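Here's the letter readout for the chains.
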Amino acid sequence: MEKRKVFIMAYARANVGDDLFIVTLLEKYKDIDFYIGIKEISFAKAFKEYKNITVIENYEENFDNRIPEEYDAYIYVGGSIFIEGGKVYNLDNKCNQFMKKCYDKKIPFFYVSSNFGPYQTQEYFDLARDTFKYCKDICFRDMYSYRLFQDIQTVRYAPDLIFNLENNDDNIQKDTVGISIIDMSIRKNLQKYENTYIKCMVNNIVKYIEQGKTVYLFSFCKEENDEKAIEQIENQIPEQYRDRLKKIYYDGSIKEFINTYKSMEYMICCRFHAKIISVALGQKMYILSYSKKIDNVIQDLSLTEKYTNIEDLGENTYINLSDFREVDKEKISEIKKKSKNQLLKIDEWYLENK
């Protein structure tokens, strides 16, 4: 039988979490010919080494003029993809009509590892309900999203796909503290906390360095201004401390980035997938939550009782290293096992069509 052709929809903008989603599919389903549309070829660096993906450049991320029969299946893998007003393959009437066509022609459409919202209108919610009925499978990564749609037969829940990240070594650099940084200025609900957040990070970095630690600042996504936020922080660090401050910018070299990330002794997780990766790696971590999607996962899986919402930070809030927590190894093992269910229905389709 000839290879199956599958189109991947994703936030393909050189973002660590989303690139890990895509790479996970490429590595698991080596016998599938994947296709993905990308706005800029530089965003495709993370999967250049894979032979089972074709990159379509200068691609418009919408449902206009799509022909369902062009591919054997569609997989939309992504986290916050159901934000009302979102810009990447978001739900609208054209999306709804495309799903109906796929359904009528028995071409499966899978949603993987997403959460729903925030949304403002009943109209958007109702459109989602109607659209999901035509999908082969929608596997949410949080219980809040699942409960909104649990009466729809195709809706399921499993922990985030990236919990399956393997930790093949324990090459920890002693006396290191990593911080995944986010930019507040592009998030309207967080803009008022930006100066406090930056001051807080600066004060903590200085204290860690004074304790003999080397601090690594991780940018997960240049497109979302992580690098800009890091520069703002670095500019406020006194000169005498800067030789103990390292900047790690993700440029698509995903294995190199993860290898550096996993070598941290301590990790402050601001990014959503920083938390997921740190749990999967068994790191000592402290979570700074900037949204309900983070709170929901912490509570769903009872990851930690010690975490702070960004709006509760003060300039002088100190994140003591004694407050960092590792998730129990047995719990990590159980989460990883459940996380594999994100791809359960794709596995079934794959085996039927192999």
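Attention in this report is confined to the structure presented alongside it. (Residues numbered from 1 in each chain as written. Predicted model: local features only at pLDDT ≥ 70, side-chain atom pairs only at ≥ 80, totals over all residues. Heavy atoms only, no water.)

Of the regular secondary structure elements, the protein chain holds 11 helices and 13 strands. Relative to the globule expectation of 20 Å for 354 residues, the C-alpha radius of gyration of the protein chain, 21 Å, shows essentially globular dimensions. In terms of overall dimensions, the protein chain has a C-alpha envelope of 65 × 45 × 40 Å along the principal axes. Across the 354 residues in the protein chain, those meeting the buried criterion constitute 56%. Summarising the internal contacts of the protein chain: among those between residues at least 6 apart in sequence, 72% fall at separations of at least 24. By element, 43% of the accessible surface of the protein chain is carried by carbon and sulfur atoms, the whole surface being about 16,200 Å². Charge centroids of the protein chain, computed over 53 positive and 57 negative side chains, lie 1 Å from each other. (Helix = DSSP H or I, 4+ residues; strand = E, 2+ residues; numbered from the N terminus. Rg over C-alpha atoms; globule rule 2.2 N^0.38 Å. Buried < 20%, exposed > 50% of the residue type's maximum accessible area, 1.4 Å probe, protein only. Contact = heavy atoms within 4.5 Å. Areas by Shrake-Rupley, 256 points an atom, 1.4 Å probe, with all protein chains shown as cover. Lys, Arg positive; Asp, Glu negative; His and termini not counted. Charge placed at Lys NZ, Arg CZ, Asp CG, Glu CD.)

Within the structure shown, the criterion is met by 23 salt bridges. Between Asp-175 and Lys-213 there is a salt bridge, and its shortest N-O distance comes to 2.9 Å. Linking Asp-175 in strand S8 (residues 173-180) with Lys-213 in the loop between helix H5 (194-210) and strand S9 (214-219), this pair joins segments that are 38 residues apart in sequence. Close ionic contact of Glu-239 with Arg-242 constitutes a salt bridge, the shortest N to O distance being 3.7 Å. (Salt bridge = Lys/Arg side-chain N within 4 Å of Asp/Glu carboxyl O.)

Before going further, it helps to spend a moment on the nonpolar core. Ranked by size, the top nonpolar core spans 99 residues in total, and within it Ile-22, Phe-34, Phe-47, Val-77, Tyr-197, Tyr-261 and Ile-277 carry the most contacts. The element that contributes the greatest number of residues to this core is H5, accounting for nine residues. Contacts of Phe-47, omitting those with residues within four sequence positions, involve Asp-19, Ile-22, Val-23, Leu-26, Ile-36, Ile-38, Ile-53 and Val-55. In this structure, Tyr-35, Cys-102, Tyr-124 and Phe-149 belong to the second largest nonpolar core, which totals 34 residues. (Core = buried A, V, L, I, M, F, W, Y, C linked by side-chain atoms within 4.5 Å.)

Put simply, the largest pocket is a space of about 1,500 Å³. Contributions of two or more residues to the lining of the largest pocket are made by helix H1 (16-28), helix H4 (143-149), helix H8 (272-281) and helix H9 (292-301). Grouping the constituent residues of the lining of the largest pocket by class yields 15 nonpolar, 15 polar and 13 charged. Mapped by element, the contributors of at least two residues to the lining of the second largest pocket are H1 and helix H7 (254-262). Looking at the lining of the second largest pocket residue by residue, the classes come out as nine nonpolar, four polar and seven charged. (1 Å grid on protein atoms, 1.4 Å probe; cavity = no way out; pocket = protein on both sides within 12 Å on 5 of 7 lines; lining within 4 Å. Points joined across faces, edges and corners; volume = space filled by probe spheres on them. Nonpolar A, V, L, I, M, F, W, Y, C, P; charged D, E, K, R; others polar.)

What follows deals with the packing of aromatic side chains. Evaluated as defined, the whole model comprises 40 aromatic pairs. Relative to Tyr-111, the ring of Phe-109 has its centre 5.1 Å away and its plane inclined at 55°; by these criteria the two rings are tilted. Judged by its relative accessible area of 1%, Phe-109 is buried. Plain terms: the ring middles of Tyr-250 and Phe-257 are 5.4 Å apart, the flat faces sit at 75° to each other, and that makes the pair edge-to-face. Take Tyr-250: its relative accessible area is 3%, and that puts it in the buried class. (Phe/Tyr/Trp six-rings, centres within 6.5 Å; stacked < 30°, edge-to-face > 60°.)

This part takes up the side chain of Asp-19. Structurally, the position occupied by Asp-19 is in helix H1. Comment: no salt bridge for buried Asp-19; closest opposite-charge side chain is Arg-13, at 9.7 Å. In this structure, Asp-19 is in contact with Ala-14, Ala-46, Phe-47, Tyr-250 and Ile-254, ignoring residues within four places of it in sequence.

Taken N-terminus to C-terminus, the directions of H8 and H9 make an angle of 20°; their axes are 10 Å apart at the nearest point. Our classification of the angle between H8 and H9 gives roughly parallel. Across the interface between the two elements, Phe-272, Lys-275 and Ile-276 of H8 pack against Lys-293, Ile-294, Val-297 and Ile-298 of H9. Taken together, the residues of the contact of H8 with H9 break down into five nonpolar, no polar and two charged. (Axes fitted to C-alpha atoms, helices over the stretch in contact; angles between N-to-C directions. Parallel < 35°, antiparallel > 145°, perpendicular 65-115°, else oblique.)

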